[in-house]
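Inside the fold
Chain by chain, the residues run as shown.
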Amino acid sequence: MYVIYMLWLRQLKRYVRSRSRIVAALGQPVLYLVALGFGFGPVFRKAGEGDYIQFLTPGVVGMTVLFTAVFSGIELIWDRQFGFLKETLVAPVPRLIIMLGRTLGGATVAVAQGLLVLVICFAVGFRLPGPGAIAWASLYMTLIALMFTAFGTALASVLADFQGFQLVMNFLVMPIFFLSGALFPLADAPKALATVALLDPLAYGVDGLRHAVAGASYFGPLTDLAVLVGSSAALLALGSYLFSRIEL
Amino acid sequence: MILAEHLTKTFGDLVAVRDVREGEIFAFLGPNGAGKTTTIKMLTTLLRPTSGTIAVDGLDPVAHPNEVRKRFGIVFQDPSLDEELTAYENLELHAALFKVHQPARGARIEMLLKLFGLWDRRADRVKTFSGGMRRRLEIARGFLHTPKILFLDEPTIGLDPQTRNQLWTQVRTLNETERVTVFLTTHYMEEADRVAHRIAIIDHGRIVAQGSPAELKRQTGADTLEQAFLALTGNAIREEETGPADQMRQMVRMWRGRR
């Protein structure tokens, strides 16, 4: 337990100490909020769908958690290249413990970043239905964060350097984001697109967040929770397995 | 203390380090690409040997990795500190990973930081450290959990003579006071000559000579260890292989996540 705690603490210290990283990671969500939120807002309202900022906030928060979590997981490549990974791999501690410490730390960082974006959303006009919504939103953020930190760790375990990283971003992470219904309602999407979204775990995360902060749900909150818990568990298992097989 | 026989790894290395004795400083020398780092990786559970037997303090690293890991400390050829953490935090994390608990932990960290001249900088982040300070911190970390064996893989590379000199003095001190067996590699022959009790010279994955520095010099009729080394391993420069086949292998390893 103590080892998990220390590795978790390490991730947090690294996050808090790299202020430029925090600010840089806020840039993209703010751009989406301002450009899309205000840009598409009038069209969205004319189409009778209501306030776009209200709709977009869960999507942008979900995106922030997704990207931060994947990066936290992928940071493993960094550790591998700059050597710290070796230090943990020669420790008399099961690999599973090391993977858990890293993943919990990375997930915590992703949730913190998501909450930060949520605060910014307030500044541009987003409103919560009630204080309990924060708790539910945090739960969904935690699940998204765990799932994608584990996903990032799994990827980083099979990629030995940054060369494959762009490939992963363009062909895995970006599609996961764009197909999740973060930016548009799945209910009105063409059948093909809505079907693809069924296979995207982030779709359930964004949908759950939307249910938590706006009361509307496409899949239903129980389905959201079940899928998120299930895929988090599966990706944690996969990440642990691949991490345990790393050789240097 | 360390025994490795008929050891192979797929790229064709073949090593037999016979019996490193307890409490000695053992230097493992050889040209680039001779198999030094690979051997150390196999001894320290980071690579599985393709075949052969290894025993570290009587235990097989493949069968009992965690038991073996408790018994050795290692300073890798490349840096392995967390630069965002302070010197003290790096050691604290190591103590947690190697189960060095309070109250022993604080005292041990203090003693080592003082010995290696880093106590005044303990609260500074490692990224502000010079190369020599980082190396000292890594060696201090290697000793932190009072290992029985310390592996030092080219620990003095790129350091100035003052730092190298001081570093070996500190390692010798700990070798004598704590009876730690030290297994080191280096390209600086005068260092090995000065520090090591016994030396093995490896070339093309094979041990070509083993003995005390004096024995090796006598055996080859050389005045210095460097001459003895060249007499045993030849004058040809070893290029690291970078043919197309090798690059392909590198790619495959990258995608499989191995190096």
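Residues numbered from 1 in each chain as written. Chains lettered and ligands numbered in written order. Predicted model: local features only at pLDDT ≥ 70, side-chain atom pairs only at ≥ 80, totals over all residues.

Focus on the overall build of chain B
Counting its regular elements, chain B contains 10 helices and 9 strands. Going through the 259 residues of chain B one by one, you find that 41% of them count as buried. Relative to all contacts within chain B whose residues are 6 or more apart in sequence, the contacts with residues 24 or more apart total 68%. (Helix = DSSP H or I, 4+ residues; strand = E, 2+ residues; numbered from the N terminus. Buried ≥ 20, exposed ≤ 12 C-beta atoms within 10 Å, placed from the backbone. Contact = placed C-beta atoms within 7 Å.)

Here's the deal with the overall build of chain A
Check the secondary structure of chain A and you find 10 helices and 0 strands. When the helices and strands of chain A are read in sequence order from the N terminus, they spell out α-α-α-α-α-α-α-α-α-α. Taking 18 Å as the expected radius of gyration for a compact globule of 248 residues, we find that chain A reaches 18 Å, a close match to that expectation. Within the span of chain A, comprising 248 residues, buried residues form 47% of the whole. A separation of at least 24 residues holds for 82% of the contacts in chain A among residues at least 6 apart in sequence. (Rg over C-alpha atoms; globule rule 2.2 N^0.38 Å.)

Re the pairing of strand S7 (residues 181-185) of chain B
All names here are of chain B. Summarising burial for S7: 5 of the 5 residues are buried, a large majority. Neither face of S7 is exposed, since Thr181, Phe183 and Thr185 on one face and Val182 and Leu184 on the opposite face are all buried. Pairing of strand S6 (residues 149-153) with S7, which is carried by 5 bridges, proceeds in the parallel orientation. Of the residues in S7, the one forming a bridge with Leu152 is Leu184. As a crossover connection, the stretch from S6 through helix H6 (residues 161-178) into S7 is right-handed. (Pairing = 2+ DSSP bridges. Right-handed = clockwise from strand over helix to strand, strands pointing away.)

Observations concerning the environment of His187 of chain B
All names here are of chain B. One can find His187 in the loop between S7 and helix H7 (189-195). Assessed through the 15 C-beta atoms surrounding it within 10 Å, His187 is described here as partly exposed. In the structure, His187 is positioned 52 residues away from Arg135 in sequence and 16 Å away in space, judged by C-alpha atoms.

Focus on unusual backbone geometry
All names here are of chain B. Cis geometry is adopted by the peptide bond preceding Pro103, which originates at Gln102 and carries an omega value of 0°. Residue position: Pro103 is located in the loop between helix H3 (87-97) and helix H4 (104-115). Residues other than glycine seldom take positive phi values, yet Lys99 does so here, at roughly 55°. Of note, Lys99 is situated in the loop between H3 and H4.

What to know about the confidence of the model for chain B
Residue-level pLDDT values for chain B average 85, and 86% of them are 70 or greater. Scoring of the predicted complex yields 0.86 for pTM and 0.87 for ipTM. (pLDDT = per-residue confidence, 0-100.)

Concerning the packing of helix H1 (residues 2-17) of chain A against H3 of chain B
Put simply, H1 of chain A and H3 of chain B touch, their axes get as near as 9 Å, and they point 155° apart. Classified by the interaxial angle, the pair formed by H1 of chain A and H3 of chain B is roughly antiparallel. For H1 of chain A against H3 of chain B, the interelement crossing comes out left-handed. Contacts between H1 of chain A and H3 of chain B pair Tyr2, Val3, Met6 and Arg10 of chain A from the former with Leu93, Ala96 and Leu97 of chain B from the latter. Grouping the constituent residues of the contact of H1 of chain A with H3 of chain B by class yields 6 nonpolar, no polar and 1 charged. (Axes fitted to C-alpha atoms, helices over the stretch in contact; angles between N-to-C directions. Parallel < 35°, antiparallel > 145°, perpendicular 65-115°, else oblique. Left-handed = near helix turned anticlockwise from the far one by under 90°. Nonpolar A, V, L, I, M, F, W, Y, C, P; charged D, E, K, R; others polar.)

Some words on the interface of chain A and chain B
Counting residues at the interface gives 25 residues for chain A, matched by 28 residues for chain B. Looking at the side of chain A that touches chain B, the elements that each hand over two or more residues are H1, helix H4 (84-89) and helix H6 (132-158) of chain A. Here the residues of the side of chain A that touches chain B are counted per class, giving 14 nonpolar, 3 polar and 8 charged.

Quick look at helix H2 (residues 19-46) of chain A
All names here are of chain A. Taking 1.5 Å as the rise per residue, H2 with 28 residues should run 40 Å; its terminal C-alpha atoms sit 40 Å apart, in good agreement. Maximal helix bending in H2 amounts to about 45°, located at Phe40; proline Pro42 follows within four positions. Packed against the buried residues of H2 are helix H3 (52-81) and helix H5 (95-123). A positive backbone phi angle near 80° is found at Gly48, which sits one or two residues after H2. (Expected span 1.5 Å × (residues − 1). Bend = angle between axes of the 7 residues up to and from the residue.)

With respect to the nonpolar core
Here is a general trend for soluble globular proteins: nonpolar side chains tend to be buried in one another's company. The biggest cluster of nonpolar side chains holds 137 residues, and the ones touching the most others in it are Leu66, Ile144 and Ala145 of chain A together with Ala140 of chain B. With 16 residues, the top contributor of residues to this core is H3 of chain A. For Ile144 of chain A, the residues in contact, after removing those within four places along its chain, are Gly62, Val65, Leu66, Ala69, Leu202 and Gly205 of chain A. (Core = buried A, V, L, I, M, F, W, Y, C linked by C-beta atoms within 7 Å.)

Looking at the sheet that holds strand S3 (residues 25-29) of chain B
Residues and elements named next belong to chain B. Taken together, 6 strands build an open sheet; the order of strands is S5-S6-S7-S3-S8-S9 and the sheet is mixed. Every interior strand has two partners, whereas the edge strands, strand S5 (72-75) and strand S9 (206-211), have only one. Neighbouring strand axes in the sheet, compared pairwise and without regard to direction, differ in orientation by 15° on average. Strand direction decides the pairing type here: S5 and S6, joined by 4 bridges, are parallel. Counted as the bridge partner of Ile74 is Phe151 from S6. Sheet strands in contact with helix H8 (residues 213-220) are strand S8 (198-203) and S9, and its direction is about 110° off that of S9.

Points about helix H1 (residues 36-43) of chain B
All names here are of chain B. Across the 8 residues of H1, 6 count as buried, placing the element largely inside the fold. Within H1, the full set of buried residues consists of Lys36, Thr39, Ile40, Lys41, Met42 and Leu43. Just downstream of H1, Thr45 is the residue with a positive phi angle, here 70°.

Quick word on the confidence of the model for chain A
Per-chain confidence: chain A averages 91 in pLDDT, with 100% of residues scoring 70 or above. Element-level pLDDT for chain A is lowest in helix H7 (residues 165-178) of chain A, with a mean of 88, against a maximum mean of 95 in helix H10 (residues 221-244) of chain A.

Quick look at the environment of Leu230 of chain B
By the element assignment, Leu230 of chain B lies in helix H9 (residues 225-233). Residues Leu230 of chain B and Lys148 of chain B, 82 residues apart in the sequence, show an inter-C-alpha distance of 32 Å.

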